[in-house]
Amino acid sequence: MADLSLLQEDLHEEIDGSLDFVSQDEMLTPLGRLDKYAASENIFNRQMVARSLLDTLKEVSDDERDCIAVLERISRLADDSEPTVRAELMEQVPHIAMFCQENRPSIPYAFSKYLLPIVVRYLADQNNQVRKTSQAALLVLLEQELIERYDVETKVCPVLIDLTAPDSNDDVKTEAVAIMCKMASMVGKDITERLVLPRFCEMCCDCRMFHVRKVCAANFGDICSVVGQQATEEMLLPRFFQLCSDNVWGVRKACAECFMAVSCATSQEVRRTKLSTLFINLISDPSRWVRQAAFQSLGPFISTFANPSSSGQYFKEEDGKNPEDCGSAQENSEQVRTTEDVTTDEDPNRTEDLASYSDDSDDFATKLENVMEDQNALSNNSKRESDFQTESSFHCTLPSESCGEMADENEQSSHCCTTDLQEAGLNSQETSLSEQELYNSFHFWRTPLPEIDIDYELQQTSDIKLDREIQELTMPVSPSIPMATRKELEEMIENLEPHIDDPDVKAQVEVLSAALRASSLDPQEETMASVGKGTDSQTELTINDQQSFKPILGDIVPLIGDTVESMDSTLHYIHNDSDLSTNSSFSPEEERKSKVQDVVPQALLDQYLSMTDPSRAQTVDTEIAKHCAYSLPGVALTLGRQNWHCLKDTYETLASDMQWKVRRTLAFSIHELAVILGDQLTAGDLVPVFNGFLKDLDEVRIGVLKHLHDFLKLLHVDKRREYLYQLQEFLVTDNSRNWRFRAELAEQLILLLDLYSARDIYDYLRPIAFSLCADKVSSVRWISYKLVSEMVKKLYMASTPTFVVDLMNELVEKFCRCHKWSGRQTFVFICQTISEDDCLPMDQFAVHLLPHLLHLASDKVPNVRVLLAKTLKQTLLEKEYFLNSANSHQEAVEQTIMALQMDGDSDVKYFASIHPASTKIADDAMSTASSTY
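Just so it is clear, the model here is predicted, and its values are computed rather than measured.

Cut-offs and rules
- Residues numbered from 1 in each chain as written.
- Predicted model: local features only at pLDDT ≥ 70, side-chain atom pairs only at ≥ 80, totals over all residues.
- Heavy atoms only, no water.
- Helix = DSSP H or I, 4+ residues; strand = E, 2+ residues; numbered from the N terminus.
- Contact = heavy atoms within 4.5 Å.
- Patch = residues over 30% accessible without salt bridge, like charges linked within 9 Å, V, L, I, M, F, W, Y side chains within 5 Å.
- Areas by Shrake-Rupley, 256 points an atom, 1.4 Å probe, with all protein chains shown as cover.
- Salt bridge = Lys/Arg side-chain N within 4 Å of Asp/Glu carboxyl O.
- Lys, Arg positive; Asp, Glu negative; His and termini not counted.
- Charge placed at Lys NZ, Arg CZ, Asp CG, Glu CD.
- Buried < 20%, exposed > 50% of the residue type's maximum accessible area, 1.4 Å probe, protein only.
- Core = buried A, V, L, I, M, F, W, Y, C linked by side-chain atoms within 4.5 Å.
- Axes fitted to C-alpha atoms, helices over the stretch in contact; angles between N-to-C directions.
- Parallel < 35°, antiparallel > 145°, perpendicular 65-115°, else oblique.
- Nonpolar A, V, L, I, M, F, W, Y, C, P; charged D, E, K, R; others polar.
- Bend = angle between axes of the 7 residues up to and from the residue.

Comments concerning the environment of Leu753
Looking at the element boundaries, Leu753 is found in the loop between α41 (739–752) and α42 (758–773). Between the alpha carbons of Leu753 and Glu790 there is a distance of 8.1 Å; along the sequence they are 37 residues apart. The residues contacting Leu753, other than those within four sequence positions of it, are Ile761, Leu765, Leu787, Glu790, Met791 and Lys794.

A word on a negative patch on the surface
Together, Glu490, Glu491, Glu494 and Glu497 make up a region of like negative charge exposed at the surface. With respect to the element layout, Glu490 can be found in helix α27 (residues 483–496).

Some points on the pattern of salt bridges
Counting across every chain of the model gives 33 salt bridges. Arg199 is paired through a salt bridge with Glu202; the nearest N and O atoms lie 3.1 Å apart. With Arg199 and Glu202 both in helix α11 (residues 189–204) and 3 residues apart, the pair spans about one turn of that helix. Look at Glu202 and you get partly exposed, because its relative accessible area is 48%. Linking Arg252 and Asp285 is a salt bridge whose minimum nitrogen-to-oxygen distance equals 2.7 Å. Here the residue Arg252 occupies a position in helix α15 (residues 249–257), and Asp285 occupies one in the loop between α17 (268–283) and α18 (288–303), the gap between them amounting to 33 residues. A single burial state applies to Arg252 and to Asp285, both of which are buried. Each of Arg149, Glu153, Asp190 and Arg194 takes part in a single network of salt bridges with overlapping partners.

Some thoughts on the nonpolar core
Judged by nonpolar contacts, the single largest core of 165 residues is most densely connected at Phe220, Tyr608, Leu712, Phe827, Phe845 and Leu853. The leading source of residues in this core is α42, at 9 residues. Ignoring any residue separated from it by four or fewer positions in sequence, one finds Phe220 in contact with Phe200, Cys204, Leu236, Arg239, Phe240, Leu243, Cys258 and Val262. Ala50, Phe111, Leu115 and Leu141 belong to the second largest nonpolar core, which has 57 residues in total.

With respect to the packing of helix α6 (residues 83–103) against helix α8 (residues 128–143)
Following both chains from N to C, one finds α6 and α8 inclined at 5 degrees, their axes separated by 9 Å at the closest point. Judged by the angle between their axes, α6 and α8 are roughly parallel. Within the contact between the two elements, α6 uses Pro83, Arg86, Ala87, Met90, Glu91, Val93, Pro94 and Ala97 and α8 uses Gln129, Val130, Thr133, Ser134, Ala137, Val140 and Leu141. The class makeup of the residues in the contact of α6 with α8 is 10 nonpolar, 3 polar and 2 charged.

A word on α42
If you look at α42, its biggest bend is around 45 degrees, right at Leu765, and the proline Pro767 turns up within four residues after that. Those residues of α42 that sit buried are Ala758, Asp760, Ile761, Tyr762, Leu765, Arg766, Ile768, Ala769, Phe770, Leu772 and Cys773. Tucked inside the fold, the buried residues of α42 contact α40 (717–721), α41, α43 (778–796), α44 (802–816) and α45 (821–836).

In structure tokens:
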């Protein structure tokens, strides 16, 4: 007992001593406590002082002199020898600066005089933790605009420049360069260009420390975006070229990673002539890591070549038109026709000469093939000289339209042009017989191309080719075609007719039909055209005749060349048909030419297309195909829908890639690509890929499902309806526990209600919605309740009222009379959602749903009655229909509530008697989730 008494006395003494210590601190002023612990030899006490500085300032905020005294103590505490104390102090500086600015406007110099010098001094501290903390504090202060512009110029920048001096510590220099780069966007162009840029250019050439050069390369894009185009091209680009050829691969890799940002800060000319060549060098770098970074940046770099004026997105082809464009297109079309008429009327003799020197014995198909080769050579050289794109013959009448529009309107334009030119030929027949020979239907059954000037050097260097062209092209005006060729045309038309729904195939059928009609002209015309010809029709043309022929060669060659182009495309289409086999497949050279464009340097595009090569995965990066797929929409937008043929094969290769991550990436972006390509290309090229994704793994299908509405709304109505049969397949997943998949389906179905008719909704979407309402996971069911309510709203607004009545009757039959209590509870939830969202007028609700809802008041399961009480008390009785109008429905609701108030279950009685505040459907979900899972 004596020992216990002594122990108790010791405890009392210790407690008394600690109480004395606490009471002494409470008697001290905030400044007194600050001074007491700041002078303590215990490191922990000094740390606590630094941590409590903001609280001390708040306590003395009413007295300006005490605030200044606290700031002076901070300056003394900054000289502490312990790094942890200094680091703790620096962490509090941004908070103290914010407090000084908000609460002490009378001393605006407080931060500049007391705090900023500490931050700047700690940038060169010997301890790494203190330096890092001060750097972070400086960036926060700059971001919050707590440092005056004058202080940035006079106090911050000079210190950073000194820290990056050649004799500075290596680690400090590297960190200072990084801080300079990060603060450039915060201080603006003027300060960066005057104070930071010269030293940054010096650091890019630091021969001793590759770490410094690496930091400069990593932040090069940020500096370029701040200083602008002129400074970038004059001062920074030479340094960037040096960094891209640095001996250390890490520096070159950093350059490849920031290439897009640098490209954005340069002009289109510099980007095309200099940066593209530089980037090709990085792609072929000896280091695999550099090549890997370069290929990852290739797509973003290509996207910088996009022309903002030509990348406007409109999906439907007619959406891109306006009355002015249509007017200009009509003027251009009339101008082309007028030019043809003038040429026909002014130079009849030239055409006679051409006809008289033609070779009747030449085979028609051989001529077309030869002319096609020669025309390709001429058009390529002419395009190089005049920069005129001859991708489609319709460019002559609609220069501003896309290739998709040309295919759509090809039939109409061909018919109009043929009619006008035939009228011109008939008018000339009245003048003389020779002018009748001017009309050659084969020349004029397609819209002619505008006149293209032939390069003078090309004329001199291709005399032999020109002689051959003259012999090949001076065919008789008689449009007679051998019987075999006519049969071939008929067979082509027959084979294409099953695919007539495709706009492109339809245009090709029209072209072939026009050729067939041209070959079936009156044979008397042919005889009369050949009467005046001499027996010397095989005589060679003289040099003068050749010279006189050259001016109109540009008029005739495009016409026949365009015809051959359409014939060649038709043959290529038939080659792909399973029922036919022809020899018109593309050679490797022709396939390469089909991927030529002039939007971006061809070498960049070729490298991008090679990212799907299996060898790249072995030599560069195993996920290079994924990077290619990720940037493909940006590349497609840059090239434009007229150059989609360059990317089509690559896209199909990616869509069939063995890695599901690649296909998943495409699935998440296919709706964006559809907007870029337009409705025709989407229907032809993206829909098959989309259908393949629907049958893929769940990881891929989720990408399609998340944007199902975005993609389907871009399709035509008929094509869109085809997917109604496949929506049911989304209910089946590889893993039944993947409930988020079904929840996403419910959300997408809500959006799809706007795309389909009332009958389609009732026939196809209703079964899926009911299935989701009975899902095992409550989160899926909650979204499904919203889906059913929106479905009721949509069907009620439809012209046929029977759909909504049938839907509500099925709700009653399937859920309200369900033998499981969860189904009956689902019916109450759906009624609650319908009434809360006003999906159905209350009078209709009272007729079709309310009687069955009130019948559940006698349900044997308390959970159903609890939810019914909530719904009646919180939702229905708040509706104006039940508040202001006395009717039998209102009386029935009140009687049901009174019955529930007398219920034997306490929870039912509570919710029926009291109106709990803010207990809505979302709260009901939380309260019943455990019991309804």
